[in-house]
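Close look at the chain arrangement
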Amino acid sequence: MHEVITGDGRTLAVEEWGSPSGVPVVYLHGSPMSRLARHPDERLFHDLGIRLITYDRPGFGRSSPAPGRRVVDAADDVTAVADALGLERFAVFGVSGGGPHALACAARRPDRVTRAGALASLAPRDAEGLDWTAGMNEGNRRSAAAAVTGRDAVRDHLAQVGTAKLPPLPEVEQAVLSRPEVSAMLGPAFAEAVRPGLDGWVDDVVALFGTPWGFDPADIETPTRLWHGGLDTLVPPAHGDWLAARIPATTLTRQPDAGHGGHFDATPALLAWLVG
């Protein structure tokens, strides 16, 4: 693990995977996750010649909290990580709640980001013409309702999540989560995310579910690829459609028979494209 100090004195915890001499790709983890989240088959990074870089968003794992952070702020943090590692140019991609943060990097750092990808990504909460919670599962609808109320409401909501009786995930999601290699990766990644408490998760929910991102996806000039599962109820497919209609240089792949967790199977092709 590396520790990177940002310009305002915060600490960002960073991990590297794959080939040290490979093409640098920065991965923006989902929520609530940590720098330990990545595709479970690490041979993939070596086979594609990728130097995968992950980091804890503020408040998760070993990164300092940054209350009030917005999605757009990820661009500065990723730039700080890239500068510390001596990376002039790099690709970025994110999954689920990490998707908007990857898009922020593409929008704000076109001089540094070569290509960008977002799988099963949320659209902005203020997305014009999008019924944001339509088709969304109960848990995320509850998070969205709390997020527009404020940070205290989100903290109270998340504190109850562990005891709340929510409907089980659809079978398409359970099938992916039951894979031994996926569960073996996700368990430690989640545990590390919430090890210091709920701050990172609270700030992620507020930034993703309750406030504007701080940039317009239409400003992204970097070549971008999107992926979305047609059976996704955590982040409904309409979110991917909305993003694809607004990002100029993008391609959307819609996989009709996949759910949210289908992003694991979609990652190899995206990575191959990211490194060109």
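Structure's up top.
The following refers to the structure shown. (Residues numbered from 1 in each chain as written. Predicted model: local features only at pLDDT ≥ 70, side-chain atom pairs only at ≥ 80, totals over all residues. Heavy atoms only, no water.)

For the rest of this paragraph, the subject is the sheet that holds strand S2 (residues 11-18). Taken in spatial order, the eight strands of this open sheet run S1-S2-S4-S3-S5-S6-S7-S8, and their pairing is mixed. The open sheet has two edge strands, strand S1 (2-5) and strand S8 (250-255), and neither has a second partner. Neighbour to neighbour, the strand axes of the sheet diverge by 25 degrees on average, direction disregarded. Lying over the sheet, helix H10 (residues 263-274) contacts strand S3 (23-28), strand S4 (50-55), strand S5 (90-95), strand S6 (113-119) and strand S7 (224-229), oriented at roughly 165 degrees with respect to S6. (Pairing = 2+ DSSP bridges. Helix = DSSP H or I, 4+ residues; strand = E, 2+ residues; numbered from the N terminus. Axes fitted to C-alpha atoms, helices over the stretch in contact; angles between N-to-C directions. Contact = heavy atoms within 4.5 Å.)

This part takes up the packing of aromatic side chains. A full pass over the atoms with the stated rule returns four aromatic pairs. Here the aromatic rings of Tyr-27 and Phe-93 are separated by 4.8 Å at their centres, their planes lie at 40 degrees, and the arrangement is tilted. Placement of the pair is Tyr-27 in strand S3 and Phe-93 in strand S5, with a sequence separation of 66 residues. In this pair, the class of Tyr-27 matches that of Phe-93, namely buried. For the ring pair Trp-132 and Phe-209, a centre distance of 5.4 Å and an interplane angle of 75 degrees mean the geometry is edge-to-face. Highlighted residues: Trp-132 in the loop between S6 and helix H4 (138-147) and Phe-209 in helix H8 (residues 199-209), separated in sequence by 77 residues. For Trp-132, a relative accessible area of 4% corresponds to the buried category. (Phe/Tyr/Trp six-rings, centres within 6.5 Å; stacked < 30°, edge-to-face > 60°. Buried < 20%, exposed > 50% of the residue type's maximum accessible area, 1.4 Å probe, protein only.)

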